[in-house]
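Okay, here's what each chain looks like letter by letter:
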Amino acid sequence: MALKFSDIFNTNDININNAKLEEVFNKTKDMAETVGKKSAEHLEISRKRIECIDAKAKLAKLFEKYGELQYNISIGEEVDSAELDSLVLRITEIKEKISALTLEIETAKTQFNEAVSTATKKTRDVIQKEFEKMNKVDIQDEEQLDVSEFLEEDE
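Residues numbered from 1 in each chain as written. Predicted model: local features only at pLDDT ≥ 70, side-chain atom pairs only at ≥ 80, totals over all residues. Heavy atoms only, no water.

K.L.:
Would you mind going over the overall build of the protein with me for this structure?
P.N.:
Scanning the protein from terminus to terminus reveals three helices and zero strands. The order of α-helices and β-strands along the protein, N terminus first, is α-α-α. By the burial criterion, 20% of the 155 residues in the protein qualify as buried. Here the contacts in the protein between residues at least 6 apart in sequence split such that 66% fall between residues at least 24 apart. For the protein, the exposed area adds up to about 11,700 Å²; of that, 55% sits on carbon and sulfur atoms. (Helix = DSSP H or I, 4+ residues; strand = E, 2+ residues; numbered from the N terminus. Buried < 20%, exposed > 50% of the residue type's maximum accessible area, 1.4 Å probe, protein only. Contact = heavy atoms within 4.5 Å. Areas by Shrake-Rupley, 256 points an atom, 1.4 Å probe, with all protein chains shown as cover.)

Have a look at this one:
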């Protein structure tokens, strides 16, 4: 459903219903919808960042526990080697998870930025071309008007 400029701005009493202006308005609206969809993608990136921060906090606690066990070993206390091995395994898993999340975040950010940049450039180019066409038409109309005025004066 194509919206009309007059529908949005309630300009029925003013004659602004220019087809080119309507087209530019619709392209701008399409761009806004695209940006809205991209905002959802950006929200997903933020969710991944939070997940990554949470994993780093867990990793810090695991390192703290591992350090405590290592300290206990160094002062001669007996430590369950299975617990130490379990900590090493969990630390390794969380470090891999953080690496994977970081890569996903960077990839998603790059794709997001490229998509928004491309969509913005396309919309800007279309709008610029439409305004250039509108200006050419206006200039041509004025030139024709000027020429007709000169023709009337000569007669």
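Moving on, there is more to tell.
K.L.:
Just to check I follow, could you spell out the nonpolar core for this structure?
P.N.:
The tendency in soluble globular proteins is for nonpolar side chains to be buried as a group. Membership of the largest hydrophobic core comes to 15 residues, with the highest contact counts inside it found for Cys52, Leu59, Leu62, Leu69, Ile94 and Ile98. Where this core is concerned, the elements lending two or more residues are helix 2 (19-74) and helix 3 (81-154). For this core, the element with the highest residue contribution is helix 3, accounting for eight residues. Setting aside its immediate chain neighbours within four residues, Ile98 contacts Cys52, Ala55, Lys56 and Leu59. (Core = buried A, V, L, I, M, F, W, Y, C linked by side-chain atoms within 4.5 Å.)

K.L.:
What exactly am I supposed to notice about the side chain of Asn72 here?
P.N.:
Here Asn72 is to be found in helix 2. Beyond its immediate chain neighbours, meaning those up to four positions away, Asn72 contacts Glu77 and Val79.

K.L.:
What is the right way to read the side chain of Lys48 from this model?
P.N.:
Inspection of the secondary structure assignment puts Lys48 in helix 2. Sequence-distant contacts of Lys48, defined by excluding residues within four places in its chain, comprise Leu101, Glu104 and Ile105.

K.L.:
Just checking my understanding: could you explain the pattern of salt bridges for this structure?
P.N.:
Think of it this way: side chains of opposite charge can pair up when their charged atoms draw near. The final tally for this structure, using the stated rule, is nine salt bridges. Measuring nitrogen to oxygen at the nearest pair gives 3.6 Å for the salt bridge that ties Lys58 to Asp54. With Lys58 and Asp54 both in helix 2 and four residues apart, this pair spans about one turn of that helix. The partly exposed category is assigned to Asp54, whose relative accessible area is 41%. Residues Glu83 and Lys65 are paired through a salt bridge, measuring 3.7 Å at the closest nitrogen-oxygen approach. (Salt bridge = Lys/Arg side-chain N within 4 Å of Asp/Glu carboxyl O.)

K.L.:
How should I be thinking about the confidence of the model for the protein in this particular structure?
P.N.:
When pLDDT drops low, the exact placement of atoms in the prediction is not to be read closely. Averaged over every residue, the pLDDT of the protein is 79; residues scoring 70 or more account for 73%. When mean pLDDT is compared element by element in the protein, helix 2 scores highest at 86, while helix 1 (residues 5-9) scores lowest at 56. (pLDDT = per-residue confidence, 0-100.)

K.L.:
Any chance you could explain the environment of Ala55 here in plain terms?
P.N.:
The residue Ala55 is located in helix 2 in this model. Between the C-alpha atom of Ala55 and that of Leu101, which follows or precedes it by 46 residues, the distance is 9.5 Å.

K.L.:
Please explain the environment of Thr107 as it appears in this structure.
P.N.:
Tracing the chain through its elements places Thr107 in helix 3. Taking the C-alpha atoms as reference, Thr107 lies 9.7 Å from Ile45; in sequence the two are 62 residues apart.

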